[in-house]
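Results of the structural survey
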Amino acid sequence: MLQQTRAQTVIPYYEAFLARFPDPISLARAPATEALAAWSGLGYYSRVRNLQAAGKRIVALGRFPDNYEAIRNLPGVGDYTAAAVASISFDLPYAVLDGNVLRVLARIANDAGDIASLATRKRFQQLACDLLDKKRPDIFNQAIMELGATVCLPRSPLCLLCPVAKLCEARQNGAQEKLPVKLRKSVTQEAVVDLVLIENGSLLLLKRRASDSRRLAGFWELPELSEIPSLKSIKPIGTVRHSIVNHRYEFRIYAAKLAGRKALPGFQWIDRDDMSRVPVSSVVKKALRAATTNLR
Ligand code: SF4
């Protein structure tokens, strides 16, 4: 949950998710829509799909894997997560390398390599392995991540409070604020989309994204204005902004009524009371809030 998402945002989702799915068995046996619904609002839904696939793998194995390679092979687990779980849960000597650790290492070594490049990352991974306390990899990994998160801050690092200041070459050279170096910048794409909120009492007209859709596969969301030809009483009710990875969306929300009674294939009326049980995109929830504020 913490990948790409701040801890403050994650906490209530984490608590509710663990209350609903306290172990791999409960997650593995749940319908995919229920797992998606519990994640609804957090975004980056491939995470929960992978988590459920990992739950199924663990149930099939009969236990949680206890070596690095098997942990790394679980769906959704990359080098960082595998090293964190292997070291913290099993005391195995694997060094973690996340954004915080990269920053600390770049400064300690006074290394101005581009951290977006694979060669620099490999060099820092080797440095992290060399520095790792093999007897207490759990403590070492948590300490270096915490150092990056609380002391060796991206801007204005708190060097006077830093327990490794004497080892830090960047500080000795006054270069700490210039490191780490990241040359490649990701390009953000922007899009404006018109969505329509069509209500009938407590029912809301939604459409389900195809299971192979690149964005929000399997989720229920508002129709686009152009998708429903027979609309009347169209009025704008607000704008909702939403960012997904490198895409920044501006959703212009309209309220409207259906003009005819023609069947609309692919669309379905969903009761608002059922929305916590089906995966609904967070844009729907934001649009409903905008409607409550602006229409009533
Ligand atoms: S001395 Fe400053 S720059 Fe160096 S590791 Fe500590 S906080 Fe970071």
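Not measured: the values here are computed from a predicted model. (Residues numbered from 1 in each chain as written. Predicted model: local features only at pLDDT ≥ 70, side-chain atom pairs only at ≥ 80, totals over all residues. Heavy atoms only, no water.)

**Observations regarding the site of the ligand**
- Around the ligand sit Arg-107, Cys-152, Pro-157, Cys-159, Cys-162, Ala-165, Cys-168, Arg-171 and Gln-176, and those are all the residues in its vicinity.
- Grouping the constituent residues of the shell around the ligand by class yields 6 nonpolar, 1 polar and 2 charged. (Near = heavy atom within 4 Å. Nonpolar A, V, L, I, M, F, W, Y, C, P; charged D, E, K, R; others polar.)

**Some remarks on the domain arrangement of the chain**
- When the domains of the chain are assigned, the result is domain 1 (1-64), domain 2 (78-185) and domain 3 (189-295).
- Each of domain 2 and domain 3 was reduced to a C-alpha centroid, and the two centroids are 43 Å apart. (Domains from an automatic or database assignment.)

**Quick look at the side chain of Ser-26**
- Tracing the chain through its elements places Ser-26 in helix H2 (residues 24-29).
- Beyond its immediate stretch of four places on either side in the chain, Ser-26 contacts Arg-20 and Phe-21. (Helix = DSSP H or I, 4+ residues; strand = E, 2+ residues; numbered from the N terminus. Contact = heavy atoms within 4.5 Å.)

**Concerning the pairing of strand E1 (residues 189-200)**
- Alignment of E1 against strand E5 (residues 247-258), held across 10 bridges, turns out to be parallel. For Ala-191, the partnering residue across the bridge sits in E5 and is Tyr-249.
- Across 2 bridges, E1 lies against strand E2 (residues 203-208) in antiparallel orientation. Within E2, the position partnered with Asn-200 by the bridge is Leu-203.
- The antiparallel hairpin formed by E1 and E2 contains 2 residues in its connecting segment, where Gly-201 sits at a positive phi of about 65°. (Pairing = 2+ DSSP bridges.)

**Observations regarding the environment of Ile-88**
- By secondary structure assignment, the location of Ile-88 is in helix H6 (residues 79-90).
- A relative accessible area of 36% places Ile-88 in the partly exposed class.
- Non-local contacts of Ile-88, meaning those with residues more than four positions away in its chain, are made with Asp-138 and Gln-142. (Buried < 20%, exposed > 50% of the residue type's maximum accessible area, 1.4 Å probe, protein only.)

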